[in-house]
Amino acid sequence: MSSFDLDEQRLLIGYAVEHIKHAIFSHFTRFEPRTLIICGSGLGGIVDKVSPKPKPLSIPYNKIPGFKSSTVAGHQGKLVFGYIKGSPVVLMCGRLHSYEGHSLHETVFPIRVMYEWGFVKNLIVTNACGAVNPNYRVGDLMCLNDHINLPGLAGQHPLRGPNFEEYGPRFQSLSDGYDLAFRKLLFAKRYELGLQRPLHEGVYTYVSGPTFETRAEARMIRMLGGDVVGMSTVPEVIVARHCGLKVLALSLVTNQVVVNPPASALDENPVPIDRGKATHEEVLEAGFLASVDVERLVEAVVADL
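Residues numbered from 1 in each chain as written. Predicted model: local features only at pLDDT ≥ 70, side-chain atom pairs only at ≥ 80, totals over all residues. Heavy atoms only, no water.

- In the annotation of an unreviewed UniProt entry, the protein chain is listed under the name Purine nucleoside phosphorylase and assigned to Lachancea meyersii CBS 8951.
- Under Catalytic activity (unreviewed entry), UniProt gives the following word-for-word description of the protein chain: "a purine D-ribonucleoside + phosphate = a purine nucleobase + alpha-D-ribose 1-phosphate".
- Entered under Pathway (unreviewed entry) in the UniProt record, the comment concerning the protein chain runs "Purine metabolism; purine nucleoside salvage." (UniProt positions renumbered as here; feature names shortened; annotations may be inferred.)

This is the structure in structure tokens:
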């Protein structure tokens with residue numbers, strides 16, 4: 001029996017929406033955002049693209065009913081309401097992850113709140129990831145055209161439990177998870193901006209974390225068809241599509257995943273076993289170096305939505 005109480009969730013969503021409405025009405029004359037942007041690890045600088053006039057509104061997660069607090073370095077844990085290139089947007093500066101101890105329902109709660117508010121129709125998701133595809137390099141970008149949900153295939157799914165029938169069907173199709181028109185727009189904007197940073201299109205593999213993948217797991221992901229691997233994004237995309245939102249997702253490669261088997265204990269001159277080992281500091285550093293291009297791309301796309 002699932003512990004997920006649908007009526008309780010509906011009440012919490014309603015309380016959160018009313019709290020946000022009250023804050024918005026106290027700050028803006030009128031504010032009807034069509035786009036929600038989720039800022040990934042090291043990519044919180046997207047908020048700097050928000051216009052200072054009118055002054056943006058910032059609400060910490062811990063002030064909103066039902067929201068959990070982000071505990072990961074590089075994730076600020078607040079909603080920011082403002083304008084990018086004249087377009088009203090909401091930014092999640094810091095996402096929630098299941099490895100922090102949150103349930104999957106808690107990690108996607110903000111998506112349902114934004115949908116219930118009634119204005120948001122589009123979701124732009126950014127994340128940091130590790131490259132499994134040997135042709136990808138640190139600092140490259142990848143536009144998601146599909147994903148592999150490993151926890152979901154094993155039963156840890158954000159739509160598990162009673163279904164929100166008012167939002168979407170019991171059996172949600174994900175063959176159109178990543179909007180084609182949005183993907184074309186992203187590549188067009190890269191061309192218009194003259195960005196030289198490589199932008200690939202490929203498959204994101206979702207794992208629950210918080211450990212980085214073993215060498216054997218990385219080889220398995222490559223064999224399954226994954227191009228990159230990360231610990232977020234997919235639950236948010238699933239719930240966004242369940243709510244009928246259109247989705248664009250952009251990954252920043254912050255490390256190359258180690259796929260070679262470890263050196264044999266019988267090898268007289270083994271390769272150091274920690275060579276290529278990923279760290280969270282590495283993720284944040286790569287995010288900082290590439291963040292300017294990510295910010296410009298997101299800004300350009302939002303202007304056309």
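1. Side note on the UniProt feature "binding site: a purine D-ribonucleoside" (unreviewed entry) in the protein chain
Step number 1: UniProt marks Glu213 and Asn255 with the feature "binding site: a purine D-ribonucleoside" (unreviewed entry), using the numbering shown here. A maximum C-alpha distance of 11.8 Å places the annotated residues, which cover 43 residues in sequence, within one compact spot.
Step number 2: Structurally, glutamate 213 is set in the loop between strand 7 (199-206) and helix 6 (215-224).
Step number 3: Note on placement: asparagine 255 falls in strand 9 (residues 246-256). (Helix = DSSP H or I, 4+ residues; strand = E, 2+ residues; numbered from the N terminus.)

2. Focus: helix 1 (residues 6-27)
Step number 1: The terminal C-alpha atoms of helix 1, which comprises 22 residues, lie 32 Å apart, in line with the 32 Å expected from a rise of 1.5 Å per residue.
Step number 2: Along helix 1, the residues classified as buried are Leu6, Gln9, Ile13, Ala16, Val17, Ile20, Ala23 and Ile24. One side of helix 1 carries all its buried residues, which in axial view fall inside an arc of 130°. Away from its buried face, by an angle of more than 90 degrees, helix 1 presents the exposed residues Asp7, Leu11, Tyr15, His22, Phe25 and Ser26.
Step number 3: Against strand 2 (57-60), strand 3 (78-84) and helix 3 (109-117) lie the buried residues of helix 1. (Expected span 1.5 Å × (residues − 1). Buried < 20%, exposed > 50% of the residue type's maximum accessible area, 1.4 Å probe, protein only. Arc of directions from axis to C-beta. Contact = heavy atoms within 4.5 Å.)

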